[in-house]
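Okay, here's what each chain looks like letter by letter:
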Amino acid sequence: MTNSSILILAGDGIGPEVMTEVHKVIDWMSSARGITFDVSEDLVGGAAYDAHGTPLHDDTMERAQSADAVLLGAVGGPKYDDLDFSVKPERGLLRLRKEMDLYANLRPAQCFDALADFSSLKKDVVAGLDIMIVRELTSGIYFGEPRGIITEGNERIGINTQRYTESEIARVARSAFELARKRGNKVCSMEKANVMESGVLWRQVVNEVHAAEYSDVELSHMYADAGAMQLCRWPKQFDVIVTDNLFGDLLSDAAAMLTGSLGMLPSASLGAPMANGRPKALYEPVHGSAPDIAGQGKANPIACILSFAMALRYSFDLGDEADRVEAAVEKVLADGLRTADLIGAEGQSPISTAEMGEAIVAALDASL
Ligand code: NAD
């Protein structure tokens, strides 16, 4: 039994379809494991715009601020393409991230054995891969001032500024060390301390936080360009990678693609601890609203279900239950069940979104 609240924002396109399957897993947790959540739902993105003329109503923002975890499906779609920038569906998601101050973006790259052939790398390089990239999300070069395009003499100059305070580095470093303690207990910090002062400070602060609070965790450092090479060469050497906003943007996309389909990739964005000690948290699949397949029962719900598993592990301290959900996903894949996005050249017939959700619940049943 938990007293924990989850706010579900299913959003647009395939968002509500994949979230229906997450509800089945949440219901299973309650009926089979006695773990109940106080689940409520609200609108975000185009759905919120249709109802309220804004992609995120103030009431919804308030509810998100007080929820123990927010679970989001996806936002956007062609219907909203011509809206003014200020009310586009994506603005709802950006507002959530900004106002909840979600500074640590967690992107796991996990390769289920049954899908190892989907990677562009050799099977033995990726089979069993399970790494986590922690990207600083609210500072760095995407936000630093001065920025802009100026003219000096006859030349235009494009300017962005990489700027990190030590407290910004320290808090994301803490997130990474805390995560590592729940996983393989290893952190590799990546920056460019050889050519950037912000990288020098990054390395110093990570070392200081490590020495003062997390000396039980194994820490290493790598220049981000070397890190990119190592991710492609032998990714299994890593457990948790912590890096800044820009390098994290690139490295997490590269690492994600080591593992195959977009329909498989969960994510979490975490902020500061709330009064109850839990971090502010938003969990969402990496994919978008997939308008090309929306409403056809073709969407793969696994990314969203694995996002819920991340909530179990990182918001609710239910790591064993998260393992159980991940093992159920592994089992259905090992049994050969595939949604359309996971069909390779071998000419299998795909199962529907609902069938995949039901198969995962059946695998959960079998795990008892
Ligand atoms: P997308 O992720 O929606 O789709 C890219 C491709 O992957 C499509 O072919 C789609 O069918 C496929 N795909 C994605 N998720 C899938 C799943 N679960 N199962 C099976 N196939 C899946 O990206 P896009 O097409 O560039 O964007 C579509 C809309 O989504 C746009 O409006 C975009 O702004 C929005 N978007 C939202 C988010 C978000 O909500 N976080 C992220 C990215 C894009």
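Further up the page is the structure itself.
In this report, the structure presented in the accompanying data block is examined. Treat the numbers as computed from the prediction; the structure is a model and nothing was measured. (Residues numbered from 1 in each chain as written. Predicted model: local features only at pLDDT ≥ 70, side-chain atom pairs only at ≥ 80, totals over all residues. Heavy atoms only, no water.)

Within the chain one finds twelve helices and twelve strands. A compact globule built from 368 residues should have a C-alpha radius of gyration of about 21 Å, and the chain, at 21 Å, falls within 12% of that. Across the 368 residues that make up the chain, the buried fraction comes to 52%. In the chain, 74% of the contacts between residues at least 6 apart in sequence involve partners at least 24 apart. When the accessible surface of the chain is split by element, carbon and sulfur atoms take 51% of a total near 15900 Å². Looking at charge distribution, the chain has the averaged site of its 33 positive side-chain charges lying 3 Å from that of its 54 negative ones. (Helix = DSSP H or I, 4+ residues; strand = E, 2+ residues; numbered from the N terminus. Rg over C-alpha atoms; globule rule 2.2 N^0.38 Å. Buried < 20%, exposed > 50% of the residue type's maximum accessible area, 1.4 Å probe, protein only. Contact = heavy atoms within 4.5 Å. Areas by Shrake-Rupley, 256 points an atom, 1.4 Å probe, with all protein chains shown as cover. Lys, Arg positive; Asp, Glu negative; His and termini not counted. Charge placed at Lys NZ, Arg CZ, Asp CG, Glu CD.)

Our next topic: the side chain of E21. With respect to the helices and strands, the residue E21 is situated in helix 1 (residues 15-33). Relative accessible area serves as the criterion here: at 3%, E21 is assigned to the buried category. Apart from the residues lying within four places of it in its own chain, the contact partners of E21 are P301, I305, T353, A354, G357 and E358.

Bringing the packing of helix 1 against helix 11 (residues 319-334) into the picture now. Following both chains from N to C, one finds helix 1 and helix 11 inclined at 120°, their axes separated by 13 Å at the closest point. Put simply, helix 1 runs oblique to helix 11. Where helix 1 crosses over helix 11, the handedness of that crossing is right-handed. Facing helix 1, whose interface residues are V25, W28, M29 and R33, helix 11 presents E321, R324 and V325. Each residue belonging to the contact of helix 1 with helix 11 can be placed in one class, and the counts come to four nonpolar, no polar and three charged. (Axes fitted to C-alpha atoms, helices over the stretch in contact; angles between N-to-C directions. Parallel < 35°, antiparallel > 145°, perpendicular 65-115°, else oblique. Left-handed = near helix turned anticlockwise from the far one by under 90°. Nonpolar A, V, L, I, M, F, W, Y, C, P; charged D, E, K, R; others polar.)

Turning next to the sheet that holds strand 5 (residues 130-136). Taken in spatial order, the ten strands of this open sheet run 2-1-3-12-11-4-5-10-8-9, and their pairing is mixed. The open sheet has two edge strands with one neighbour each: strand 2 (37-42) and strand 9 (218-223). If you compare each strand with its neighbour and ignore which way they point, the axes differ by 20° on average. Here strand 8 (residues 186-191) runs beside strand 10 (residues 240-243); their pairing, made up of four bridges, is parallel. Looking across to strand 10, one finds that C188 is bridged to I241. Its contacts with the sheet put helix 8 (residues 224-233) on strand 5, strand 8, strand 9 and strand 10, and the angle it makes with strand 9 is roughly 105°. Along the sheet, helix 10 (residues 302-314) contacts strand 1 (4-11), strand 2, strand 3 (69-74), strand 4 (104-110), strand 5, strand 11 (266-273) and strand 12 (279-285); its crossing angle with strand 12, the most-contacted strand, is approximately 165°. (Pairing = 2+ DSSP bridges.)

Contacts to the ligand come from 20 residues, most closely from E90, G288, A290, D292 and N300. At a separation of 2.9 Å, an oxygen atom of the ligand approaches a polar backbone atom of V75. Contacts to the ligand include G77, whose backbone N or O atom sits 3.2 Å from an oxygen atom. The fraction of the free accessible surface of the ligand (800 Å²) that becomes covered by protein chains is 68%. In terms of residue class, the shell around the ligand is built from nine nonpolar, seven polar and four charged. (Near = heavy atom within 4 Å. Polar contact = N/O pair within 3.5 Å; in protein donor to acceptor, adjacent residues only side chain to side chain.)

If you look at the biggest cluster of nonpolar residues, it comprises 73 residues, and the most contacted ones within it are L106, V134, Y283 and F308. At ten residues, helix 10 tops the list of elements feeding residues into this core. Excluding residues within four positions of it along the chain, L106 makes contact with M132, I133, V134, L179, S267, A268, L270, M310 and Y314. In this structure, A109, V125, V126 and L251 belong to the second largest nonpolar core, which totals 19 residues. (Core = buried A, V, L, I, M, F, W, Y, C linked by side-chain atoms within 4.5 Å.)

Quick look at helix 10 now. Its 13 residues give helix 10 an end-to-end C-alpha distance of 18 Å, which sits within 8% of 18 Å, the value for a rise of 1.5 Å per residue. In terms of burial, helix 10 is largely enclosed, as 13 of its 13 residues are buried. (Expected span 1.5 Å × (residues − 1).)

Below, the discussion takes up the pairing of strand 3. Burial analysis of strand 3 places six of its six residues in the buried class, the great majority of the element. For strand 1 and strand 3, the ladder comprises five bridges, and the chain directions are parallel. Bridge pairing in strand 3 links I8 to L71. Sheet analysis places strand 3 next to strand 12, joined by two bridges and oriented parallel. Residue V70 lies in a different strand from strand 12, and its bridge partner there is L282.

Turning our eyes to something else, we now look at helix 1. Along its 19 residues, helix 1 runs 26 Å from first to last C-alpha, staying within 8% of the 27 Å computed at 1.5 Å per residue. Within helix 1, the full set of buried residues consists of G15, E17, V18, M19, E21, V22, V25, I26, W28 and M29. Residues of helix 1 that are buried make contact with strand 1, strand 2, strand 3, helix 10, helix 11 and helix 12 (353-366). Where helix 1 ends, the next residue or the one after it, G34, has phi of about 70°, a positive value.

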